[in-house]
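# Summary of the model geometry
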Amino acid sequence: MENRNPKNLNLFTIRFPVPAMVSILHRVSGVVLFVLMPLLTISLYWSLKNENIFNWVLFLFDSTLFKLIKCLMLWGIIHHLIAGTRHLLLDLHFGVDLIIARMTSKIVLVVSFLLTFIAGIWLW
């Protein structure tokens, strides 16, 4: 017998639970780190060539676009570290109860954005 229930495939109207959002953002932060890490590596490589290129890289990193990129990279590192630690603890069967899992998800979101905000102000 065929299931005739309507299916909602619009991801923008689906309400995800908080643990699902933390898991998705953990993957997004990993992609952000993967994409932006070559930029930092190439910048380091070029900055070590000579003093003029080093000063140019410093000038480039002081621009608004690169400050936003640095903040995005900072969020990626912080969120990936905190959410990854939470996932490792869940793999060890710590905090697998629904109430605790939801609470730790909220803590991960709040702490990662708070630390990113504080570090972003410090770096800006």
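This one's a predicted model, so the numbers in the text were calculated from it and none came from an experiment.

## A few points about the UniProt feature "transmembrane region" (unreviewed entry) in the protein chain
- Per the UniProt record, the feature "transmembrane region" (unreviewed entry) sits at residues 20-46, 53-78 and 98-123.
- The span residues 53-78 is 92% helix and 0% strand, and its two end C-alpha atoms sit 29 Å from each other.
- The span residues 98-123 shows a helical share of 100% and a strand share of 0%, and its end C-alpha atoms are spaced 37 Å apart.

## A word on the UniProt feature "binding site: heme" (unreviewed entry) in the protein chain
- The UniProt entry lists His 80 under the feature "binding site: heme" (unreviewed entry), expressed in the numbering used here.
- Residue position: His 80 is located in helix 3 (residues 64-91).
- Classification of His 80 as partly exposed rests on a relative accessible area of 28%.
- Not counting residues within four places of it along the chain, the set of residues in contact with His 80 comprises His 26, Ser 29, Gly 30, Leu 33 and Trp 75.

## A look at the packing of aromatic side chains
- One pass over the full model with this rule turns up three aromatic pairs.
- Here Tyr 45 and Trp 46 contribute two aromatic rings whose centre-to-centre distance is 5.6 Å and whose plane-to-plane angle is 75°, an arrangement assigned as edge-to-face.
- Taking the centre distance of 5.1 Å and the plane angle of 25° together, the rings of Phe 61 and Phe 66 count as stacked.
- Looking at Phe 61, the relative accessible area reads 16%, which means it is buried.
- Phe 66 sits in the buried class, given a relative accessible area of 12%.
- If you follow Lys 49 out to its NZ or CZ, it ends over the ring of Trp 46, 5.7 Å from the centre.

About the criteria used
- Counting restarts for each chain, with residues numbered from 1 along the sequence as it is written.
- Local features in this predicted model are restricted to residues whose pLDDT is 70 or higher, and side-chain atom pairs enter the listing and the counts only when it is 80 or higher, whereas totals over whole chains, interfaces and linings include all residues.
- Only hydrogens and water are set aside when side-chain values are computed; all heavy atoms of the structure are taken into account.
- UniProt positions are given in the numbering used here, feature names are shortened, and annotations may be inferred rather than shown by experiment.
- Helix and strand assignments come from DSSP, with helices taken as H or I runs of at least 4 residues and strands as E runs of at least 2, each series counted from the N terminus.
- Whether a residue is buried, partly exposed or exposed follows from its accessible area with a 1.4 Å probe, protein chains only, as a fraction of its type maximum: under 20%, in between, or over 50%, in that order.
- Working rule for contacts: check all heavy atoms of both residues, and any pair within 4.5 Å makes them a contact.
- Ring geometry is summarised as follows: Phe, Tyr and Trp rings, the Trp one being its six-membered ring, pair when their centres sit within 6.5 Å, and such pairs are stacked at plane angles under 30 degrees, edge-to-face over 60 and tilted between the two.
- A positively charged side chain is recorded as over a ring if its NZ (Lys) or CZ (Arg) lies within 6 Å of the ring centre. The angle to the ring normal must also be within 35 degrees.

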